[in-house]
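The primary structure of each chain is shown beneath.
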Amino acid sequence: MVGMISRTSPVAPGVGLPWLTTARWATAFAQIGAGLMATLVLDVSVRWWIVGLVVAVTLASNVWWASRGSARGPGRLDLPAGLILVDVVGLAVVLLAAGGPLNPVSIYFLVLITQAAFVHGARIAALAAVVATVAYGTLFVSTAPELRAAMAMHPEVAQHFQGMFWAFAGTAALVTVFVTRLATAVAERDRDVRALEARLAESASLARLATLAADAAHELATPLGTIVLTASELERDLERTPPDLASVVADLRLISSEGRRCRGLLDDLAGRAGQAAGSALHTTTLDAVLADALAGLPAERRSRVDVAVPPGLDGYWPVEGLARAILNVVRNAFDASPDDGRVTIAGRAVGDRISLVVRDSGRGMRADEQARACEPFFTTKPGQGRGLGLFVVKQTLEMIGGRLDIRSVAGTGTEVEIVVPREFAS
C-alpha cells in the first residue's frame, strides 16, 4: 500500500497540505460526534476509551503532519494519502464502539472518499472507497447488541440494512468517479490558464523588446550618422596641408559627444534587459548608494541636492543598478525643476524595506501625465528626453522586489518614491 501511495500523483497538489490538515480537524470532531450521537440520541452503550484513543491518534497525527508540512517539498502528498486511509479505518473503529451502522455519522465515510478523490486522484480515491465499503460492511457483521435484537425481532430490519450497505457501496463508487473527474477537469483548466498567462506574458515581453529595438534603431541612427559624417570631415581635414587643427578638435569633440549619447541609449537598454538585477550584490548603506548615484551629476547640480537620510539604513542590493535608478530619478527631478531649482532626497526605514523620496521644485504633473509617466517613450520634454527614464527605473526596481510610486499635483511639484527591500533575494 505504501508503494502505491508514493507513486500516486495528486490531482490538486496546491490544495493538499492546508486543505487536508483542516479537513482532519473536522474528522476528529466527527469521531467525537459519533460517540455523542450514540449516547444522547441512539441511547446505546459506547466504549468511550476506544473513541478517545482514536480521536487522540487523529489529533496527534494531524499536529505532527502540520508541523512537518512546511519542510515537505511540493507534490509530496504520499503521507496525507495514508492518513486519509487511517481516518477511514479510525472512523470504522469508532462506529464499532458507538452503535455500529445505527449511527448516522457513518455517512462521513463519503466525506473521506471525497477528500481522497479531490486531493489525490483516482487511485487513492478508489482505494479509500474500497476500504470504506469494507469497513462499513464490517459494522453489519460486528453489530451492536441492540441491532442484533432488532434484526431478530423484525426480519425487515435486516433487509433494510442490507439495502443500506449496497446503497452505500454504489454511492461510494459514484462519488469516486464524479469527484475525481471534476478535480481532474479543474486541474486541467488551471494548467491551461497558467499556460495562457505565460504565453501572454511572453508575447508582451517580446512586444516591449521589439518596441525598444525599434526606438533604439531610430535613436541611434541620428548620432551614428553624425559620427560617420564627422569622421569623413575629420579625414578631409587631416588630408589638408597643413591641417586645420581647430576644425579637427571640433570634430573630435562632436564624435566624443555623440559617442556618449549612444552609450546613454545602450545603458538604458541594458537596464531594461535586466543588467541592474544581474549586477554584483553588496551589503552597503543607503548613503553609499546615494553617493554613487549623485556622482553622475554635474557639480553644479550636486550643489543643489538636499539629502536627509538617517544613518544605519543598510541593505543587500545590486548597487550599480540601484544607483543608476536613483540617478535617473534625480535627473528627471532636475529636468522638471527651474534652472536654479533644488531637489530634495529623504530616506527612511519602513519595516523591512527602505523608502527614498525624491522631490523636485517644478510645476508638477497633470493627472494624465502622471498616469503615463512610467510608459516607455512617454516624455513631457519633447526634443530632450527619450521617454525611457522612469520606465527603466520602474522595471529595475520591480526586478529587485521594489516599486516606484509617483505623487504629484499640478503647481506643487512631484514626489517620486523608491521603495526597495533591505535584502534583495536574487
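In case you missed it, the structure is sitting above this.
Our subject in this report is the structure included herewith. Just so it is clear, the model here is predicted, and its values are computed rather than measured. (Residues numbered from 1 in each chain as written. Predicted model: local features only at pLDDT ≥ 70, side-chain atom pairs only at ≥ 80, totals over all residues. Heavy atoms only, no water.)

In this section: the packing of aromatic side chains. According to the stated counting rule, one finds one aromatic pair in the structure shown. Between phenylalanine 109 and tyrosine 136, the ring centres sit 6.4 Å apart and the planes meet at 80°, which makes this aromatic pair edge-to-face. Here phenylalanine 109, found in helix α5 (residues 108-120), pairs with tyrosine 136, found in helix α6 (residues 122-141); they are 27 residues apart in sequence, far enough to count as distant. We note that phenylalanine 109, like tyrosine 136, is buried. (Phe/Tyr/Trp six-rings, centres within 6.5 Å; stacked < 30°, edge-to-face > 60°. Helix = DSSP H or I, 4+ residues; strand = E, 2+ residues; numbered from the N terminus. Buried < 20%, exposed > 50% of the residue type's maximum accessible area, 1.4 Å probe, protein only.)

All right, on to the pattern of salt bridges then. Taken as a whole, this structure holds 13 salt bridges when the rule is applied. For the salt bridge of arginine 324 with glutamate 320, the shortest nitrogen-to-oxygen distance reads 3.8 Å. Of this pair, arginine 324 and glutamate 320 both sit in helix α13 (residues 319-336), four residues apart, roughly one helical turn. The class of glutamate 320 is exposed, set by a relative accessible area of 54%. The closest approach of N and O atoms between glutamate 415 and arginine 407, which form a salt bridge, is 3.3 Å. Arginine 407 gets classed as partly exposed once you look at its relative accessible area, which sits at 37%. What emerges from the salt-bridge pattern is a single network uniting Arg359, Arg407, Glu415 and Glu417. (Salt bridge = Lys/Arg side-chain N within 4 Å of Asp/Glu carboxyl O.)

We now examine α5. Across its 13 residues, α5 extends 18 Å between first and last C-alpha, which sits within 8% of the 18 Å expected from 1.5 Å per residue. In terms of burial, α5 is largely enclosed, as ten of its 13 residues are buried. Along α5, the residues that are buried comprise Tyr108, Phe109, Leu110, Leu112, Ile113, Gln115, Ala116, Ala117, Val119 and His120. A positive backbone phi angle near 90° is found at glycine 121, which sits one or two residues after α5. (Expected span 1.5 Å × (residues − 1).)

In short, shape yes, function no, at least from these values alone.
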